[in-house]
Amino acid sequence: MKQQPIATRDIARELARKYSTMTHDELNALEEILVPMTFPKGKKILSEGEVCKNIYYIHTGLVRQSYIKNKKEVTEYLGVDGNIFMSIQSLFQEIPTKQEITALENTYIFAMPKKSLEEVALHNNNIQILYRKILEESLIISQIHADLVRFETAHDRYVRFCKLMPQVALRAPLVYIASYLQMTPETLSRVRAMPM
């Protein structure tokens, strides 16, 4: 997979802009732990049974986090450029994940190994803030998704999803969007035909 090389320094700056201002030394410390990774469309980033050791930042691409329930794949998360993803229970409890994370497009990501991130966070206040804000964002995204499927009608769920995740709505296969919104592809087709 061909990808324009991007400096890890630029990614460190992107993360700092998004989560926490940083000194020159803190940017250096963050840059040193970033691990660039490329995944062609269809490739597994994390397989069921593996232990998640990284927090991932998507530079470009589209990823799907899923699990099996009653012999069916259920989409738990869809992420695009600028999003963070991880298998949070596996990452923090260091246990095998029940989830799979797959690249749905050619995807270029930067991994932040949890152990390295925690080490640099010990000595850099703004990296501690970045780490905390990433985890806060992850919890908020999970809560929004839970509330979406618990409280909203199918139509309202789709409308809200399009507002919250416009790039995902444009780029992800409809079957995965339907699964994420906990509706059948037929229901999603009906909902998409209704006025927004």
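Only a predicted model underlies this, so the values are computations on that prediction, with no experimental measurement involved.

The rules behind the values
- Residues numbered from 1 in each chain as written.
- Predicted model: local features only at pLDDT ≥ 70, side-chain atom pairs only at ≥ 80, totals over all residues.
- Heavy atoms only, no water.
- Pairing = 2+ DSSP bridges.
- Helix = DSSP H or I, 4+ residues; strand = E, 2+ residues; numbered from the N terminus.
- Axes fitted to C-alpha atoms, helices over the stretch in contact; angles between N-to-C directions.
- Salt bridge = Lys/Arg side-chain N within 4 Å of Asp/Glu carboxyl O.
- Contact = heavy atoms within 4.5 Å.
- Buried < 20%, exposed > 50% of the residue type's maximum accessible area, 1.4 Å probe, protein only.

(A) The arrangement of the sheet that holds strand 5 (residues 72-80) in detail. Taking strand neighbours across the sheet as the criterion, the four strands line up as 2-7-4-5 in an open arrangement whose pairing is antiparallel. In this open sheet, the two edge strands, each paired with only one partner strand, are strand 2 (44-46) and strand 5. Averaged over all adjacent pairs, the angle separating strand axes in this sheet is 30°, with direction ignored. Direction of pairing for strand 2 relative to strand 7 (residues 99-103): antiparallel, over a ladder of two bridges.

(B) Quick look at the pattern of salt bridges. The full count for this structure, using the stated rule, is twelve salt bridges. Linking R171 and D81 is a salt bridge whose minimum nitrogen-to-oxygen distance equals 3.0 Å. Of the two residues, R171 sits in helix 7 (residues 166-171) while D81 sits in the loop between strand 5 and strand 6 (84-85), which places them 90 residues apart along the sequence.

(C) Representation of the environment of S87 within the structure. By the element assignment, S87 lies in the loop between strand 6 and helix 3 (88-93). Apart from the residues lying within four places of it in its own chain, the contact partners of S87 are L46, C52, Q65, T97, Q99 and I101.

(D) Structural view of unusual backbone geometry. In this structure, N70 is a non-glycine residue whose phi angle is positive, near 50°. Its location among the elements puts N70 in the loop between strand 4 (62-69) and strand 5. Assessed through its relative accessible area of 70%, N70 is described here as exposed. The backbone phi angle of E94 is positive, close to 55°, even though this residue is not glycine. Position of E94 relative to the elements: it lies in the loop between helix 3 and strand 7. The exposure class of E94 is partly exposed, given its relative accessible area of 47%.

These figures capture arrangement, not role.
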